[in-house]
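One-letter residues, chain by chain:
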Amino acid sequence: MPEPDPRERLARQLHESDDLPAGPAKCEALERVARAADAAGLPDLGVASRLVLVNAYREIRRYDLMLTPFAWLRATETRHPEAFDEWAVHQFTWMHKWLATGLLGDPRFTLDQITALVDQLEQRYRLHGYSLHPVHDKRRALAHHVGDTEAADTHFTAWRGAEPDDMSDCPACVVDSQVGYFVSRERFTEAIAVARPVLDEPSDCAEQPHGVLASLIEAYLATGRLEDAARAHLVSYRVVRGTPQGRSALHAHLRFCAITDNAGRGLEILTDNIDVLTDPPSPKVLLEFAAAAALVLSRVPDRADRRFTLGEVELDGEALRVFCAEEALTTAVAFDQRNGTDAVSGRVRATLDLADVGPVLVAVPPAAQAEQVGSFTGELDTAVLGEPRDQVDAAEAACAAIEAGQALTGVRLLADVSAVGLPDGLAARVAAHRQRFQRIDDPAVTAARLVECQSRLLAAGELVIAARLHHVLAGLWQHAGQTARANDHARLAVAEGTTLGDALAVIYGHLALVDLDPVTGAASLDTAEEVATAAAPQFLGAVRDVRAELLAASGDVPGALAIVAGLLDGVSTWPELTTLRLMDHRARLLADLGRIEESAHWFDQLVARCRKSPGPWLADSLMQYAVLIDHAGLAAENLPTLLEAAAAARAYLPPVGTAQACLHLSAGYLATGRALEAAETLEEALRLTPPTATDLLTKVHYRLALACRDLDEHATAETHLTAVIDAGTTDDALLGHLLHQLGDVRLHLGALPDAATAFEHSAAHWRAADNPIAASESLVRLAHARGMADLTAGLSYLDEAETLAASTEDGLDQLAETIGFRVALLAHHEHYAQALTANAAAEELAVRLGNPDWQAFLAGRAAHLHLDIGDPDTAESEARRAAALLGTPPNPQTLGVVLGTLARTLEEQGKPVDSDPLVKSLTTHLD
């Protein structure tokens, strides 16, 4: 087999290397191609490879590495100008803009050297007849860097007055630079105003609009536009996170997080990018990142307890803060020594001294924002607590309230009690109650700690409280899956309560036995009610609520609701926790009966009551409400409640509780078209969910896939859908749905064979689930994935899809869609006569379905097909017929298609277009 031509081989290697992701590996591959081109005596390929290499260095912001290929290119341009074709000359001239401002970020290069580069840029542009528009921008940046604001203003004016041309940055990047200038001069309103065109119109630039948005964060914060700042941070950071290009903008995001009460998010960004401190692309990036990192760490109260790995060194958060601040200031001094000013040090100190602007909601509210989001208000129930005179009285009052069922106010007061100096028995009670109301992921851990508390209670002679604690331990061990231990504690509660004559321990023990085995626990429930009636009537409500739970579990939801409603609507006053449980139960039962408005009313009442004394019960009530909101499709109008649920979960629940709240919050964001916030919220849920919570993980992955799909992040959506499928569901209908979604995202990725496989399996599962319409939909997509390359295969899938759609009474819509795609597939393969026949059949179905808009679209497509076969006269008639079928008001998309087709038919016949009455009328409607 003959050796491939060296030029062809190297050209292929150059193309393959350029397709690699930005990073050192890409740069090394291009360096090898350049050396090989030199060795092969191919200077034009040497030029091309080095031009691509210079751009690869720019992608990772290593401007210092550009110098060697730049010097080679300059020398070659002089010795072998024939090696530079028109493209190469343009590219090399364009790249001259990068060196000056790039090397400005490295104090190893003198101002004279950098000024000389700007002068060379000007000479080259004058030589080639280009505008000095970019040159003025470089001189502005140089003046600003050294702190010469007067010169910076002068060059900025010259820059804005110069005429842009082919050597100017794209309009969006020019705006980005102008935003940066206005922000640096604290002309924030002008910065926001000049950015508007980039934010209003889509940009083809790979750097925008996320570059402009990052530059605008400071302006938004300074002008009080906090929501805009949060949105700018979210959009811009999501685009650049994890990319080499994004490193130069990280400081803006860290500063935002630090001063908006989002230090937790800032810590994540810092941790994900901590290698910038050891391997920065430039000293400027190091300086800005280190200063912003120090600022974030200064907002973390427990930073000394956190650990960070910096290279091979482990530091606590305080040591890292000191290191970052010193690194930023030391690097700033190096810049200032070069510049002969103190401008850079001044900017670093300004960053380190930034003041907070107040809490700003990014996506998931932190616990610290609970009061702002949920408006927690209320006073302690002093009628229950009394007026404590000292710590002992305060502790006794709090414990007494909790033990009497008044836990809301009791725990609230307990937060202010110090256990130091308390009598042993009271200190043991305080420790037990605090542990009881802590929420952590592992119930076994809580149980083990409560056992220690129980030992302290016994040692201090608090036998009654120790006996009552058995029912809490029974619930924890049951939740941990240790039924035998749970049963032992339930029976100990009954036995010890009986011995001590404590009715509450006996009642609690019997209720725990009911929870462990509702079938055999009927006798225990009867006993609990007898004891409560005789000795503790205030706890009858709790006992009868358990009876209602059993009724509901047996299917008698109306009966259960009657019990709960009677308990709440009666004259009895129950302890706080009993009342809350009854309200929660009533709301849930109403939801089970489909009485959504009534359910929401009771959840509103429940949450309002819990807000008066915030604690875990507030988070629990909000979580139950969030479940109703999510499942009942009420998320759009209840987003504030979902936000409050997430804030309360962060404050009072373990991480998995916050993850569950995030899942429900994402429903609110998705329902209001805020896919970006939904994705951020669900990614937080993913971080917080333990691997053992497989059901929650599956739900999060699925919803995150939908959010990513809406954001056009199809590769990420594919990953999450695959995770859901791999979770191992065997439900055919669910698998059919998931595989159909997977096929759709693969179509968007252009992975047609993989998409076809997904659709094929989807159709099979839909058939197994006896859903012919859904199976038909998957087969149509399968025809798309395989039929574009193989018409015969595509048509066979469509035949099968039509048969399935026609097999059911409600399949007419799907049949019409199937025939509609047959038209598109035939036209794609240039079988226009067959396509017209199929299109006529589709139009007949549109008439049967009473869908004039679709009929208009199909008539317009018939016109387009007649154009394709070279019959513009018939095409014009069809286009005019389509226009007559348009509804009032017409569908804008259909109107645009019909108008475009009609105009083309007139053009191809040489007829006037703009003066045609129908064209004028349609244009008016379109405007």
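As the structure is a prediction and not an experimental result, all values here were calculated from the model.

Enquirer: Can you break down the overall build of the chain residue by residue, with the values?
Expert: For the chain, the helix and strand inventory stands at 47 helices and 2 strands. Considering only C-alpha atoms, the chain reaches an extent of 105 × 80 × 65 Å along its principal axes. Taking contacts inside the chain between residues at least 6 apart in sequence as the whole, the part at least 24 apart equals 60%. As displayed, the chain has an accessible area near 41,300 Å², and 52% of this comes from carbon and sulfur atoms. Taking the average place of the 77 positive charges on the side chains of the chain and the average place of its 131 negative ones, the gap between the two points comes to 4 Å.

Enquirer: Summarise the environment of Leu-551; cite the residues concerned and give the values.
Expert: Relative to the helices and strands, Leu-551 resides in helix H28 (residues 540–553). On the basis of relative accessibility, which here comes to 26%, the residue Leu-551 falls in the partly exposed class. In the structure, Leu-551 is positioned 468 residues away from Ala-83 in sequence and 88 Å away in space, judged by C-alpha atoms. Not counting residues within four places of it along the chain, the set of residues in contact with Leu-551 comprises Asp-556, Gly-559, Ala-560 and Ile-563.

Enquirer: If you had to explain the packing of helix H32 (residues 616–631) against helix H34 (residues 655–671) to someone new, which residues and values would you point to?
Expert: Two quantities define a packed helix pair, namely the angle between the axes and the distance from one axis to the other. Put simply, H32 and H34 touch, their axes get as near as 9 Å, and they point 30° apart. Like other packed secondary-structure pairs, H32 and H34 cross with a definite hand, here left-handed. In this structure, H32 contributes Met-623, Ala-626, Val-627 and Asp-630 to the contact, and H34 contributes Gly-657, Gln-660, Ala-661, Leu-663, His-664 and Ala-667. Looking at the contact of H32 with H34 residue by residue, the classes come out as 6 nonpolar, 3 polar and 1 charged.

Enquirer: How would you summarise the environment of Asp-336 if you had to cite specific residues and measurements?
Expert: Examined against the element boundaries, Asp-336 turns out to sit in helix H16 (residues 317–339). Taking the C-alpha atoms as reference, Asp-336 lies 79 Å from Gly-521; in sequence the two are 185 residues apart. The contacts of Asp-336, once residues within four sequence positions are left out, are Thr-341, Asp-342, Ala-343, Val-344 and Ser-345.

Enquirer: Can you lay out the packing of aromatic side chains for me, pointing to particular residues and giving the numbers?
Expert: Two aromatic rings are characterised by how far apart their centres lie and by the angle between their planes. Within the structure shown, the criterion is met by 10 aromatic pairs. Taking 5.3 Å as the distance between ring centres and 75° as the angle between the ring planes, the aromatic pair formed by Phe-156 and Phe-182 counts as edge-to-face. Note that Phe-156 is positioned in helix H8 (residues 149–161) and Phe-182 in helix H9 (residues 171–184), a separation of 26 residues in sequence. For Phe-156, a relative accessible area of 4% gives the class buried. Note on Phe-182: relative accessible area 2%, which makes it buried. Among the aromatic side chains, those forming a connected cluster through ring pairs are Phe-156, Trp-159, Tyr-181 and Phe-182. Arg-50 extends its terminal NZ or CZ atom over the ring of Trp-72, reaching a point 3.7 Å from the ring centre. Just above the ring of Trp-94 sits the side chain of Lys-97; from NZ or CZ to the centre is 3.2 Å.

Enquirer: Lay out the pairing of strand S2 (residues 313–316) in plain terms, naming residues and giving numbers.
Expert: Walk down a regular strand and you will see the side chains alternate between the two sheet faces. With 4 bridges joining them, strand S1 (residues 307–310) and S2 adopt antiparallel strand pairing. The residue bridging Phe-308 from the neighbouring strand is Leu-315, located in S2. Taking the residues between adjacent antiparallel strands as the criterion, S1 and S2 are bridged by 2 residues, where Gly-311 takes a positive phi near 65°.

Enquirer: Quick one: what's the story with a nonpolar patch on the surface, residue by residue and with numbers?
Expert: A surface patch of nonpolar side chains, amounting to about 240 Å² of accessible area, comprises Leu-458, Leu-463 and Leu-500. Leu-500 sits in the partly exposed class, given a relative accessible area of 34%.

Enquirer: Lay out the side chain of Glu-876 with the relevant residues and their values.
Expert: As for its placement among the helices and strands, Glu-876 is situated in helix H45 (residues 872–885). Overall, Glu-876 belongs to the buried group, its relative accessible area being 9%. A polar atom in the side chain of Glu-876 sits 2.8 Å from the side chain of Gln-909. If we skip the residues at most four places from it in the chain, Glu-876 touches Leu-902, Thr-905, Leu-906, Gln-909 and Lys-911.

Enquirer: Now, about the nonpolar core: what can you tell me, with residues and values included?
Expert: Counting residues in hydrophobic clusters, the biggest one holds 167 residues, and the most contacted among them are Val-179, Phe-256, Leu-277, Leu-320 and Trp-617. Per element, the largest residue contribution to this core is 12 residues, and it comes from helix H15 (residues 283–298). Leave out the neighbours within four places in its chain, and Val-179 touches Ala-191, Val-194, Ala-195, Val-212, Ser-215 and Leu-216. Formed by 41 residues, the second largest nonpolar core is a distinct cluster that contains Leu-45, Met-66, Ala-83 and Met-95.

Enquirer: Go over the pattern of salt bridges, please, and point to the residues and values.
Expert: Counted under the stated rule, the structure contains 64 salt bridges. Asp-275 serves as the salt-bridge partner of Arg-247, at 2.2 Å between the closest nitrogen and oxygen. One end of the pair, Arg-247, is in the loop between helix H12 (226–240) and helix H13 (250–259); the other, Asp-275, is in the loop between helix H14 (263–272) and H15, and 28 residues separate them in sequence. We note a salt bridge from Glu-684 to Arg-650, for which the minimum N-O separation is 2.7 Å.

Enquirer: Tell me what's going on with unusual backbone geometry, and back it up with residues and numbers.
Expert: In this chain, Gln-208 is followed by Pro-209 through a cis amide linkage whose omega measures 5°. Assignment of secondary structure puts Pro-209 in the loop between helix H10 (188–200) and helix H11 (210–222). Residue Pro-889 is bonded to the preceding Thr-888 through a cis peptide linkage, with omega at -5°. By the secondary structure assignment, Pro-889 is in the loop between H45 and helix H46 (892–908).

Enquirer: For the side chain of His-251, give the residues involved together with the corresponding values.
Expert: Considering the arrangement of structural elements, one finds His-251 in helix H13. What makes His-251 buried here is its relative accessible area of 13%. The residues contacting His-251, other than those within four sequence positions of it, are Glu-288, Phe-289 and Ala-292.

Enquirer: Kindly report on the confidence of the model for the chain, identifying the contributing residues and their values.
Expert: Predicted coordinates in areas of low pLDDT are best not read in detail. For the chain, the mean per-residue pLDDT works out to 91, and 97% of the residues sit at or above 70. Contacts for the low-pLDDT stretch residues 370–388, under 50 throughout, to residues beyond four places or in other chains number 37 contacts.

Enquirer: Lay out the packing of H11 against H13 with the relevant residues and their values.
Expert: Where H11 contacts H13, the axes come no closer than 9 Å and their chain directions differ by 25°. By the angle class used here, H11 and H13 are roughly parallel. For the pair H11 and H13, the crossing hand works out as left-handed. Two secondary-structure elements touch here, H11 through Ala-214, Ile-217, Glu-218 and Leu-221 and H13 through Ala-252, His-253, Arg-255, Phe-256 and Ile-259. Here the residues of the contact of H11 with H13 sort into 6 nonpolar, 1 polar and 2 charged.

Enquirer: Go over the state of the cysteines with me, naming the residues and quoting the values.
Expert: Simply put, the disulfide is a covalent bond whose two ends are the sulfur atoms of two cysteines. Scanning the model with the defined rule gives 0 disulfides in all. There is no disulfide at Cys-27, and the cysteine sulfur nearest it, in Cys-205, is 20 Å away.

Enquirer: An account of helix H33 (residues 639–652) is requested, with residue identities and associated values reported.
Expert: Helix length check: H33 (14 residues) gives 20 Å between terminal C-alpha atoms against 20 Å at 1.5 Å per residue, within 8%. Taking burial as the measure, the 14 residues of H33 include 10 buried ones, the bulk of the element. Within H33 the residues assigned to the buried category are Leu-639, Thr-641, Leu-642, Leu-643, Glu-644, Ala-645, Ala-646, Ala-647, Ala-648 and Ala-649.

Enquirer: Can you break down helix H39 (residues 752–768) residue by residue, with the values?
Expert: Residue pairs three or four apart in sequence face the same way in an α-helix, which turns once every 3.6 residues. Taking 1.5 Å of rise per residue, the 17 residues of H39 would be expected to cover 24 Å, and the 24 Å separating its terminal C-alpha atoms lies within 8% of that figure. Along its buried surface, H39 packs onto helix H38 (732–749) and helix H40 (772–787). Two residues or fewer after H39 comes Asp-770, characterised by a positive phi angle close to 60°.

Rules used in this analysis
- Residues numbered from 1 in each chain as written.
- Predicted model: local features only at pLDDT ≥ 70, side-chain atom pairs only at ≥ 80, totals over all residues.
- Heavy atoms only, no water.
- Helix = DSSP H or I, 4+ residues; strand = E, 2+ residues; numbered from the N terminus.
- Contact = heavy atoms within 4.5 Å.
- Areas by Shrake-Rupley, 256 points an atom, 1.4 Å probe, with all protein chains shown as cover.
- Lys, Arg positive; Asp, Glu negative; His and termini not counted.
- Charge placed at Lys NZ, Arg CZ, Asp CG, Glu CD.
- Buried < 20%, exposed > 50% of the residue type's maximum accessible area, 1.4 Å probe, protein only.
- Axes fitted to C-alpha atoms, helices over the stretch in contact; angles between N-to-C directions.
- Left-handed = near helix turned anticlockwise from the far one by under 90°.
- Nonpolar A, V, L, I, M, F, W, Y, C, P; charged D, E, K, R; others polar.
- Phe/Tyr/Trp six-rings, centres within 6.5 Å; stacked < 30°, edge-to-face > 60°.
- Lys NZ or Arg CZ within 6 Å of the ring centre and 35° of its normal.
- Pairing = 2+ DSSP bridges.
- Patch = residues over 30% accessible without salt bridge, like charges linked within 9 Å, V, L, I, M, F, W, Y side chains within 5 Å.
- Salt bridge = Lys/Arg side-chain N within 4 Å of Asp/Glu carboxyl O.
- Polar contact = N/O pair within 3.5 Å; in protein donor to acceptor, adjacent residues only side chain to side chain.
- Core = buried A, V, L, I, M, F, W, Y, C linked by side-chain atoms within 4.5 Å.
- pLDDT = per-residue confidence, 0-100.
- Parallel < 35°, antiparallel > 145°, perpendicular 65-115°, else oblique.
- Disulfide = S-S within 2.5 Å.
- Expected span 1.5 Å × (residues − 1).

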